Amino acid sequence: MRVHPPGPPVWALPGLLRKLAVDRLGMMRDAAELSDAVRVSMGPKKLYIFNRPDYAKHVLADNAANYHKGIGLVESRKVLGDGLLTSEGDLWRAQRRNVQPAFKPGRIAAQAGAVAEESGRLVDLLRRREGNTPVDVLQEVTGLTLGVLGRTLMDTSIEGHGGIEHAFEAVQDQAMFDMVSQGLVPTWVPFGTQRRFRAARWELTRIVDELVADRSARMRDGDGADDAFARMILASREREDRALGRRLLQEELVTLLLAGHETTASTLGWTLLLLARHPHVRDLVREETRAVLAGGRLPEADDLHKLTYTTQVVQEAMRLYPPVWILPRIAQAPDEVGGFTVPAKADVLVCPYTLHRHPHLWDDPERFDPGRFEPSRVANRPRYAYIPFGAGPRFCVGSNLGMMEAVFVTALVTRDLDLTLVPGHEAIAEPMMSLRMRGGLPMTIRSAG
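What comes next is a walk through the structure. Given the structure is predicted, the values throughout are model-derived calculations rather than measurements.

**Comments concerning the overall build of the protein chain**
Stage number 1. Looking only at helices and strands, the protein chain features 17 helices and 12 strands.
Stage number 2. A burial count over the protein chain gives 56% of its 449 residues as buried.
Stage number 3. Nonlocal contacts in the protein chain, meaning residues at least 24 apart in sequence, comprise 73% of its contacts between residues at least 6 apart.
Stage number 4. Total accessible area on the protein chain is roughly 19,200 Å²; 54% of this is exposed by carbon and sulfur atoms.

**Some details on the pattern of salt bridges**
Stage number 1. Using the criterion set out here, one finds 28 salt bridges in the structure.
Stage number 2. Among the salt bridges present, the one from Arg129 reaches Glu140, with a minimum N-O distance of 3.1 Å. Within this pair, whereas Arg129 is found in the loop between helix H7 (112-128) and strand S4 (131-136), its partner Glu140 is found in helix H8 (residues 137-153), the two being separated by 11 residues in sequence.
Stage number 3. As a salt-bridge pair, Asp416 and Arg415 come within 2.8 Å of each other at their nearest N and O atoms.

**Concerning the nonpolar core**
Stage number 1. Counting residues in hydrophobic clusters, the biggest one holds 79 residues, and the most contacted among them are Met154, Leu253 and Val413.
Stage number 2. At 12 residues, the largest contribution of residues to this core is made by helix H12 (residues 242-277).
Stage number 3. The residues touching Met154, leaving out its near neighbours within four places in the chain, are Leu149, Leu211, Arg215, Asp227, Phe229, Leu253, Leu256 and Leu257.
Stage number 4. Among the nonpolar cores identified, the runner-up in size contains 20 residues, and Ala37, Tyr55, Leu327 and Leu355 belong to it.

**What to know about the sheet that holds strand S9 (residues 417-421)**
Stage number 1. Pairing within the open sheet is antiparallel, and its 3 strands lie in the order S4-S12-S9. Each edge of the open sheet is held by one strand with a lone partner, namely S4 and S9. Each adjacent strand pair in this sheet contributes to an overall mean axis angle of 40°, direction not counted.
Stage number 2. With 3 bridges joining them, S4 and strand S12 (residues 442-447) adopt antiparallel strand pairing. Directly across from Val135, in S12, lies its bridge partner Met443.
Stage number 3. The strands touched by H7 are S4, S9 and S12; relative to S9, the strand with the most contacts, the crossing angle is about 65°.
Stage number 4. Along the sheet, helix H17 (residues 399-416) makes contact with S9 and S12, crossing S9 at roughly 95°.

**Here we look at H17**
Stage number 1. The terminal C-alpha atoms of H17, which comprises 18 residues, lie 26 Å apart, in line with the 26 Å expected from a rise of 1.5 Å per residue.
Stage number 2. In terms of burial, H17 is a largely internal element, 17 of the 18 residues being buried.

**Considering the packing of helix H11 (residues 228-237) against H12**
Stage number 1. The interhelical angle for the contact between H11 and H12, taken along N-to-C directions, is 160°, at an axis separation of 8 Å. Regarding the angle of H11 to H12, the classification is roughly antiparallel. When the axes of H11 and H12 are compared, the crossing they make is right-handed. When H11 is examined against H12, the residues Phe229, Met232, Ile233, Ser236 and Arg237 are found in contact with a partner set consisting of Arg242, Gly245, Leu249, Glu252, Leu253 and Leu256.

**Remarks on the packing of aromatic side chains**
When we look at a pair of aromatic rings, we describe it by the centre distance and by the angle of the planes.
Stage number 1. For the coordinates displayed, the defined rule picks out 7 aromatic pairs.
Stage number 2. Taking the centre distance of 6.4 Å and the plane angle of 65° together, the rings of Trp362 and Tyr386 count as edge-to-face. Placement of Trp362 in the loop between helix H15 (352-355) and helix H16 (375-378) and of Tyr386 in the loop between H16 and H17 is noted, with a sequence separation of 24 residues between them.
Stage number 3. Assessed through its relative accessible area of 1%, Trp362 is described here as buried.

Definitions and cut-offs
- Residue positions within a chain follow its written sequence, with the count starting from 1.
- Residue-level local features of this predicted model are given only where pLDDT is at least 70; pairs of side-chain atoms are given and counted only at 80 or more, and the full residue set underlies all totals for whole chains, interfaces and linings.
- The basis for the side-chain values is all heavy atoms of the structure; hydrogens and waters are excluded.
- Strands are runs of DSSP state E lasting at least 2 residues, helices are runs of H or I lasting at least 4, and numbering of each runs from the N terminus.
- Between buried and exposed lies partly exposed: a residue is buried under 20% and exposed over 50% of the maximum accessible area for its type, with that area taken using a 1.4 Å probe on protein chains only.
- Contact definition: two residues touch when any of their heavy atoms are within 4.5 Å.
- Note on areas: these come from Shrake-Rupley sampling with a 1.4 Å probe, and a residue is covered only by the protein chains present in the view.
- For salt bridges, the criterion is a side-chain nitrogen of Lys or Arg within 4 Å of an Asp or Glu carboxyl oxygen.
- The set of buried Ala, Val, Leu, Ile, Met, Phe, Trp, Tyr and Cys residues whose side-chain atoms join them within 4.5 Å is what this entry labels a nonpolar core.
- For two strands to be treated as a pair, DSSP must find no fewer than two bridges joining them.
- To get an axis, a line is fitted to the C-alpha atoms, and for a helix only the part in contact is used. The angle between two axes follows their N-to-C directions and goes from 0 to 180 degrees.
- Residue count minus one, scaled by 1.5 Å, sets the expected span of a helix.
- Put simply, angles under 35 degrees are roughly parallel, angles over 145 are roughly antiparallel, angles from 65 to 115 are roughly perpendicular, and the rest are oblique.
- In this scheme, a crossing is called left-handed if the near helix is turned counterclockwise away from the far one by less than a right angle; it is called right-handed if the turn is clockwise.
- Pairing of aromatic rings covers Phe, Tyr and Trp, the last counted by its six-membered ring, and requires centre-to-centre distances within 6.5 Å; plane angles under 30 degrees mean stacked, over 60 mean edge-to-face, and any other angle means tilted.

Right under this line is the structure:
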């Protein structure tokens with residue numbers, strides 16, 4: 001006998017469907033309050049929402065081959081093409097296999113010096129902005145993450161391409177528009193969002209072509225080719241169809257640039273906001289970092305394992321505001337998840353945001369408490385209760401680099417500076433490809449005493 005997940009009560013269905021169009025994060029929270037498994041009907045379309053660690057494990061890891069990228073990311077292919085974030089099957093496996101060596105722990109550890117130098121440059125930049133005039137710290141952090149990405153994964157400077165951040169904002173807005181409209185509105189329709197997207201796509205294509213030309217020239221001059229960017233260039237040259245190879249290279253690079261900086265910038269934005277709101281936690285981070293990084297020195301690879309409390313702070317920020325807040329999938333064949341039937345072609349949603357706030361998994365889940373990640377407390381928690389980087393075969397390939405960058409920046413900024421949120425400002429989490437801060441993160445800056 002087939003057992004379907006329960007549907008919402010009749011009175012709750014209109015609200016869920018309305019939020020599907022305008023507030024997907026709100027819809028996921030409402031669904032999580034109803035049950036750990038919920039089926040929402042939209043005419044012939046059914047959404048299967050699962051919110052338990054064992055359910056997430058089955059969909060994302062145990063039977064991952066049956067679940068391809070789903071609603072939202074399907075529409076994002078219009079924006080990102082067939083990059084690593086959106087591709088499937090043999091193409092995805094080839095792309096992942098090609099760049100994986102660039103993310104090996106040993107290579108990432110060797111990049112610690114570059115990450116620390118860029119983090120130190122951010123602190124110096126912020127220190128020069130000290131005073132009563134608000135500074136958009138999120139904008140500065142975003143510039144940092146692009147700089148780190150260029151040095152560590154591309155052996156290329158991103159400086160001189162100042163329009164890239166605004167282009168990505170337009171790309172993300174288009175992805176949101178496509179998710180809401182289910183991708184039914186062609187990009188040529190002259191809506192403001194679509195016009196900005198077309199201009200941004202042209203700009204990004206121009207930028208990535210310049211970056212490819214520069215990197216290719218240096219490769220011909222004998223530069224090493226073990227970074228992710230160089231490996232992408234070499235793989236594109238192996239394709240018989242050179243036009244296809246060039247297009248895929250462009251799409252892979254746009255994806256690398258977007259996913260490689262935006263998720264870390266988001267994590268840092270939320271972390272610095274939470275520290276500003278919780279001075280007692282900030283003081284503990286400062287105490288640790290001044291002990292580990294005594295004398296004002298920059299961190300090294302080995303320091304990452306000594307900055308234990310700072311790491312817990314970043315982990316807790318990612319629990320509350322995971323860099324990828326929803327993991328949509330489409331079932332390729334009929335399946336069973338936790339005893340519930342899932343038909344072929346069903347849209348399946350796993351939401352780290354709600355999983356990370358499940359009241360049966362986390363005490364007082366809305367509270368900011370870095371102590372949750374002390375080893376003794378982590379040991380008794382289900383593995384898939386915490387999945388800020390996804391899980392299974394599509395686990396984020398850049399997770400180690402992202403964590404190093406977030407911890408180093410948090411440590412240095414907190415050690416040396418006091419950041420105070422401008423009164424009246426509230427960061428708004430939008431249901432997008434990640435939890436975004438609309439309006440930036442205006443803060444005033446002082447040297448720490």
